[in-house]
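What the coordinates show
Here are the chains, one letter per residue:
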Amino acid sequence: MTRLRILTGVGATLALLAAGCSSGGDDGGPVELTFWHGYSEADGDVLEGIVDDFNASHDDITIDTELKTWDSIDDTLLTALSAGEGPGLVAMPAERLPVYAAKGAFASLDDFYADEASNTANLVPGAAAMEEVEGEKFGVPSGFVPLAVYYNTALFEAGGVSAFPQTWDEWVAASKQLTVDEDGDGTPEQYGVVLPDHATVANGLWPSLFYGNGGDIVDGEDAVIDSPENAETLEFWSDAIAADQISPTGVDGIGADELFSGGKAAMTVGGPWMASIAEENGIDYAIAPIPAGPAEQAASAIGVSMAVTVDTSSAEQAAAEEFLSFFLSEENSVKWSLGSGWPPLRTDVPAEAVAENPVVASLTEIAETGRPLLPGVVNSVDVLSAIDELTQKAVAGEDVDTLLGEAQAEIQAALDD
Amino acid sequence: MSVLASTRRRLRELRPSTVLATLALLSVSAVVLLPIAIIVFTAFKPAGEVNAFPPSLMPDTWTLDNLQEVTSELPFLRLIGNSFLFAGGVTVFALVFDSLAAYALARIDFAGRKVLLIAIIATLMIPFQATLIPLYQLVADLGWVNTYTGLIAPRAADAFGIFFLRQFFLALPRDIDAAARMDGAGEFRVFRSIVLPNAMPALLTLGLFTFVNNWNDLLWPLVFTTDAEMGTITSGLTLLTGPSGIVPHGVMMAGSLVAIVPLVVAFLFVQRRFIENIATTGIK
Amino acid sequence: MSADHPPVRRYRPPAPLGGRRRATGSPTGRGVKAFLFLAPALIILGLFVVWPMISALRLSFTDASGFGREEWVGLENYVTVFTDPDILSAVTNTALYTLLFTPTAVIAALGLALLLNSPHMPFRSFFRTALFVPFVVSFAVAAFAWSYLIDPQVGLLNYWLRGAGIQMGNVLEDPGLAMPAVALVAVWKLFGFYFVIFLAGLQDIPSSLYEAARIDGAGPWSRLRHVTLPLLSNTMAFVLVFATIAALQAFDQIYVMTGGGPYGHTQTVVMEIYESGFKKLDIGFASALSYVLLVATLILSLVQFVFFGRKEKDMA
């Protein structure tokens, strides 16, 4: 269709005609499939290993992986899809899936899920929920991990905190104890905890805190952020940050990781990558669940989804599904989990299968407390920026009720879009 | 000896205002060069020092780890080669096509040239993000995805260059081509053997701008090349971003250094002619 | 030039050199020749710039996502552009950015060019080179280096200023300071480019004009006002127009340094275009917003040419 438009639109037709057609067809033969992902560390090596195994065991299918950054997958995927040059398979942050699915970029996987051979029956329910948009499944999870607290055991010892806090009050108390302002200039040299107030991990931290007090952000089609529970949560934490300076303000998730890796914060909230960052920076760490709120122990989960794009022939789609079920097999689930440091995606993987990796073991214990972030929300961009604005301003001391009212309106508008 | 003597003489001749101006320029230059210095020195800092407090400009211990990590994580020779092909290819074509067009706009009287000039400049006023998708579709329809042709062709002429050279050509005295015309030289010969040789400083300047801008361009090579082997060093640097968006500063600075050094070398190479000859680029 | 500047009244700008070529040949003949010279550039621009622009214009009347189906929505996207409060705030931010960036960059470039045009200045070559160096650094790298320098925890500049008693705080998270900071990074990166163009313009002013002004008793200030600046007005127009275009399209360093934050305070129009296009997959809306920006830029540029350019026939 684009080709036609050019021909009618531009005079230089001959060159275009000569350029001819490119994309290959459906005519049997071996299927080649491109797979874009952003796994750049040890997880990338394991993924390559699984892909190699798959290619070796499937003569008629070859999967080529293409490493991108998670950020640039968005930029490149849209342009590639616009010209029918998209990859067959793509992995992306889970909250990015709904918008692509809603615009028709991905093939429906409902039939795949219905097939017993797909290995999807025992997926962690929260992980499977990330893949659903308007009642239809468009992806398969490649990662689902609740946010957890990563803490510096040396600083805990030095500060005399022996037991990891179990409740919010204990958490604040421990943080206070671990905050050090030696020169008394009002700017601590060491913070008890770093609670980012916007971007990346902050997008999961604050929802976790909201859940802990029985609040939520979105319920189906409705924004429910303006609730007394959430007001309480925001007040509790902005008071703790302002009064006791247990955390710096104005930090984003990346800044939080840097403070922790520089030994300037005793606790941070993050995902499995914190383990490797801590190791690289020579920090002795341990992992614990986010302390329970007054209502429950809950954590927002970070997810990654894999989807099959519409730039695939039916043979390629079948090949992609073949790979997805291969990836989700019990054996590969264990291999992937151990190598990537993320907990297994299947509930039927026994704990002892992943016991050799202590990070995975501790994350697996808390896996069931994880809740997907904004599953099925198409315009997550605006919802997340409303949450950013809310938490940043609340931490800076603005009136919580007004802020919640504004956030409610913005989120509702984003949902109605 | 004579250098010293002349320096002394020049120092004696210095007026207070010149001294003040020199001091001002020195401080401005120091501020201007500080980010460059931080890139260079951080590239050689070990990981532990990068986020240390109190911060320091120079590393305590110098290390090559960061550079090694860049060279091991990126096919950096290939990327630099691609950058040279992309920026260099664009520069060569753009200089030829822009100067031809600029010549017509400046020195041939034809109906509608003012409107045409405004239309050409107007193409600069739409953000690239807006035309990226239709452009990519077009290049894909031409079958040029992941080819050097596809990377270079869309930049082979550009409005800024045409306008820049037009201004220069306008300023060339009109008599310079009279003799050649008397000998019966046609428009193209006047262009090639009279106007172009006189335009060397302007071409050099524009060439440098074009080369630098394309070398540093991120979005187009990033989006256009879905194959990492086809990327440029600038787009390749994004791959140094770690999980969760964390960029290890030392490694990133080392990567930046690798990306800048060829440019600075290229710049120093033409610097003398460039800075001195800028005299006559004729934008006035 | 008006009568209240007697000393230099007689120094008119020289006639535009070669501005109007003697017309040779028939109009049609010249048209054909001109076309042959223009053809390669016009084919490239037409194919790779104008055609995508036309496509974008068409898309601006649709709900296109860049792929898949698209439907004609008439003026809906344009109505949203003019009614959405987020867009209004992006426009305000862009205006603020332009006001921060353009005069600062242009004045800094002009001032430094005036200083370094003087033959008495020692270390001329060194300064000229030093001031141009930032231009060879990419926006992404520049943004990265500056973010590191002003980091509230480990930033060297922050640390030095604190030593001097200046508390800079967390600049990029401060709603009042974030925009000046990202604008200054652009000034740093781009002023060397404008500086070089000003230098070129300055060196084209015949020294005989300065001599004559000096003989007439004009001091340095008067020479600047009545010789240099008037003769530099076309250079000024050129630099202003391109600096304004650069400002209105501000994106790269903002994307790296603040991502539009803190809560939207550095969200510019192009950031908004990028976000609607590439994050929300609303290419139709992004295209409409781009066209509104195009028209605004065009109007602003024409105004600048009229105000600052010498009113020569050959100036667009």
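Residue positions are given per chain, counted from 1 along the sequence in the order it is written. Here the convention is simple: chains get letters from A, ligands get numbers from 1, in the order in which they are written. In keeping with the predicted nature of the model, local features appear solely for residues at pLDDT of at least 70, side-chain atom pairs appear and are counted solely at 80 or more, and the whole-chain, interface and lining totals rest on all residues.

1. A word on the interface of chain B and chain C
Residues are defined as contacting one another if the C-beta atoms placed from their backbone atoms lie within 7 Å. Each partner contributes residues to the interface: chain B has 81 residues there, and chain C has 82 residues. In this description a helix means any DSSP run of H or I spanning at least four residues, a strand means any run of E spanning at least two, and both kinds are numbered starting from the N terminus. Those elements that place two or more of their residues in the side of chain B that touches chain C are helix H2 (16–42), helix H5 (76–107), helix H6 (113–122), helix H7 (128–141), helix H9 (159–171) and helix H15 (249–277) of chain B. The element best represented in the side of chain B that touches chain C is H2(B), accounting for twelve residues.

2. Notes on helix H13 (residues 273–280) of chain A
Within H13(A), burial applies to A:Trp273, A:Met274, A:Ala275, A:Ile277 and A:Ala278. Positive phi shows up at A:Gly282, right after H13(A), with a value of about 65°. Think of it as a crowd count around each C-beta: if 20 or more other C-beta atoms lie within 10 Å the residue is buried, if 12 or fewer it is exposed, and in between it is partly exposed, with C-beta placed from the backbone throughout.

3. Considering the packing of helix H12 (residues 269–279) of chain C against helix H13 (residues 283–308) of chain C
Angle between the axes and distance between the axes are the two parameters that describe a pair of packed helices. Residues and elements named next belong to chain C. For helices, the axis comes from a line fit to the C-alpha atoms of the stretch in contact; other axes are also lines fit to C-alpha atoms, and the angle between any two N-to-C directions lies between 0 and 180 degrees. It is at 7 Å that the axes of H12 and H13 come closest, and there the two elements cross at 160°. By the angle class used here, H12 and H13 are roughly antiparallel. In this structure, H12 meets H13 at a crossing whose hand is left-handed. Across the interface between the two elements, Val269, Glu272, Ile273, Ser276 and Gly277 from H12 touch Ile283, Phe285, Ala286, Leu289, Ser290 and Leu293 from H13. Roughly parallel covers angles under 35 degrees, roughly antiparallel covers those over 145, roughly perpendicular covers 65 to 115, and oblique covers all other angles. Handedness of each helix crossing follows the sense of rotation of the near helix against the far helix: counterclockwise by less than a right angle gives left-handed, clockwise gives right-handed.

4. Some details on the interface of chain A and chain B
Tallying the contact residues gives 32 residues for chain A and 24 residues for chain B. The set of elements that each furnish at least two residues to the side of chain A that touches chain B consists of helix H1 (2–9), helix H2 (13–19), strand S2 (61–67), helix H4 (70–82), helix H12 (253–261) and H13 of chain A. If you tally residues by element for the side of chain A that touches chain B, the top one is H4(A), at seven residues. Counted by class, the side of chain A that touches chain B contains nine nonpolar, 14 polar and nine charged residues. Here the nonpolar group is Ala, Val, Leu, Ile, Met, Phe, Trp, Tyr, Cys and Pro; Asp, Glu, Lys and Arg are the charged ones; every other residue, Gly included, is treated as polar.

5. Points about the domain arrangement of chain A
All names here are of chain A. The split of the chain into domains comes from an automatic or database domain assignment. Each domain of chain A was delimited in the assignment, giving domain 1 (28–144 + 302–367) and domain 2 (148–289 + 379–416). Inter-centroid distance (C-alpha atoms) of domain 1 to domain 2 is 30 Å. With eleven residues of domain 1 at the contact, the number on the domain 2 side is ten residues. If one sorts the elements of the side of domain 1 that touches domain 2 by residue count, helix H16 (residues 358–365) sits on top with three residues.

6. A word on the confidence of the model for chain C
For any part of a model where pLDDT is low, the fine detail of the predicted coordinates should not be relied upon. For every residue, the pLDDT score states the predictor's confidence, bounded by 0 at the bottom and 100 at the top. Within chain C, residue pLDDT values average 86, and 90% of them lie at 70 or more. Throughout residues 1–22 of chain C the model reports pLDDT below 50, and contacts reaching past four residues in sequence, or to other chains, amount to 40 contacts.

7. A few points about the sheet that holds strand S11 (residues 265–270) of chain A
All names here are of chain A. A pair of strands is considered paired only if DSSP assigns at least 2 bridges between the two. Ordered by their spatial adjacency, four strands build an open sheet running S8-S11-S7-S12, and the pairing between neighbours is mixed. Pairing within the sheet leaves two strands with one partner each, and these edge strands are strand S8 (191–194) and strand S12 (285–289). Neighbour-to-neighbour, the strand axes of this sheet turn through a mean angle of 20°, independent of strand direction. Pairing of S8 with S11, which is carried by three bridges, proceeds in the parallel orientation. When the sheet's bridge partners are listed, valine 194 is paired in S11 with threonine 268. Those strands touched by helix H9 (residues 168–178) are S8 and S11, and its axis lies near 130° from that of S8. Relative to S11, H12 is tilted by about 140°, and along the sheet it contacts strand S7 (148–152), S8 and S11.

8. Quick look at helix H7 (residues 178–203) of chain C
Note that an α-helix has 3.6 residues per turn; residues three or four places apart therefore point the same way. Residues and elements named next belong to chain C. The length a helix should cover is 1.5 Å for every residue beyond the first. Taking 1.5 Å per residue, 26 residues should reach 38 Å; H7 reaches 37 Å between its end C-alpha atoms and fits that length. To get the bend at a residue, fit one axis to the 7 residues ending there and another to the 7 starting there, then take the angle between the axes. Within H7, the axis deviates most sharply at leucine 190, by approximately 40°. With 23 of 26 residues buried, H7 lies mostly within the body of the structure.

9. Digging into the pairing of S7(A)
All names here are of chain A. The buried fraction of S7 is high, at five of five residues. Side-chain alternation along S7 places Ala148, Tyr150 and Asn152 on one buried face and Val149 and Tyr151 on a second face that is also buried. Relative to S12, S7 runs antiparallel, the two sharing five bridges. Among the inter-strand pairings, valine 149 is bridged to a residue of S12, identified as alanine 288. Examined bridge by bridge, S7 and S11 share four bridges and lie antiparallel to one another. By the bridge assignment, tyrosine 151 is partnered in S11 with methionine 267.

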